[in-house]
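# A structural walkthrough
In case you want the letters, here they are:
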Amino acid sequence: MSEKPSPLARNPLDMIAGAHAVQVQMCDTMERIADGLPDEVDRRLCAEVASCLQFDLPLHHHDEEEGLFPLLRARATPEDGVDKILERLASEHESDNDFASEIAEALEALGQGGRPANPEMLGYMLRGFFERYRRHVHWENQLVMPLARLRLTQEDLNTLLARMNENRRQAS
Ligand SMILES: [Fe+2]
Ligand SMILES: [Fe+2]
């Protein structure tokens, strides 16, 4: 039996757009941390970014790969030409997850009052990550989200919301 969506249910595309806005802020914070290395770092911000990288990012990537991207692939017309870009974005998720957990570990140590073992290397990793991730979010905001708002049906949105809720249940 399919549940009727409550009129108060949130639009899952707004939730994804909200996550992108948070990610842009996270990238700015990472830049601030990189600029302050090795001594002028705000430890609270390091801990916040570490948790975002470790928990929020992989969850968001699941939402896109298991929810948004397949739904969009099914609805898009050949002229939309999104297959290649979705494939590219999904492969970026994979490498970003690996980098994110490596950086999160280093930032967590900083957050707990440690000193970076190799500040140059950490700065390099941070810059590489936030520059790439800003581009990633930019393409999703420019290409994927407008097309999703155009093509996904109400039923698709219900499916997406259910998928996202399930991802959160599994993660908790
Ligand atoms: Fe993504
Ligand atoms: Fe995204």
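Residues numbered from 1 in each chain as written. Chains lettered and ligands numbered in written order. Predicted model: local features only at pLDDT ≥ 70, side-chain atom pairs only at ≥ 80, totals over all residues. Heavy atoms only, no water.

On to the overall build of the chain. The secondary structure content of the chain amounts to five helices and zero strands. Starting at the N terminus and walking to the C terminus, you meet the elements of the chain as α-α-α-α-α. Across its three principal axes, the chain shows a C-alpha extent of roughly 55 × 35 × 20 Å. Across the 172 residues that make up the chain, the buried fraction comes to 40%. Within the chain, counting contacts between residues at least 6 apart in sequence, those at least 24 apart form 85% of the total. Summed over its atoms, the accessible surface of the chain is roughly 10100 Å², and 51% of this surface lies on carbon and sulfur atoms. In the chain, which carries 19 positive and 31 negative side-chain charges, the distance between the mean positions of the two groups comes to 4 Å. (Helix = DSSP H or I, 4+ residues; strand = E, 2+ residues; numbered from the N terminus. Buried < 20%, exposed > 50% of the residue type's maximum accessible area, 1.4 Å probe, protein only. Contact = heavy atoms within 4.5 Å. Areas by Shrake-Rupley, 256 points an atom, 1.4 Å probe, with all protein chains shown as cover. Lys, Arg positive; Asp, Glu negative; His and termini not counted. Charge placed at Lys NZ, Arg CZ, Asp CG, Glu CD.)

Further remarks concern unusual backbone geometry. Put simply, Leu37 and Pro38 share a cis peptide bond, and its omega is 0 degrees. Within the fold, Pro38 resides in the loop between α1 (12–36) and α2 (43–75).

Distances from the iron ion (ligand 2) to its protein donors, His20 (NE2), His60 (NE2), Glu64 (OE) and Glu140 (OE), fall at 2.0 to 2.2 Å. Its four donor atoms give the iron ion (ligand 2) angles of 85 to 179 degrees at the centre, a pattern that matches the irregular case. Along the chain, the residues donating to the iron ion (ligand 2) fall in the pattern H-x39-H-x3-E-x75-E. The distance between the iron ion (ligand 2) and the iron ion (ligand 1) comes to 3.1 Å, with Glu64 serving as a donor to both metals. (Donors = N, O, S within 2.8 Å, 3.2 Å for Na, K, Ca; no water. Tetrahedral: all angles 85-135°; square planar, octahedral: opposite > 155°, others 65-115°.)

Here we take up α2. Taking 1.5 Å as the rise per residue, α2 with 33 residues should run 48 Å; its terminal C-alpha atoms sit 45 Å apart, in good agreement. For α2, the principal kink sits at Glu64 and spans about 35 degrees. Two or three places before Arg44, at the start of α2, stands the capping residue Asp42, its side-chain oxygen 3.0 Å from that residue's backbone nitrogen. (Expected span 1.5 Å × (residues − 1). Bend = angle between axes of the 7 residues up to and from the residue. Polar contact = N/O pair within 3.5 Å; in protein donor to acceptor, adjacent residues only side chain to side chain.)

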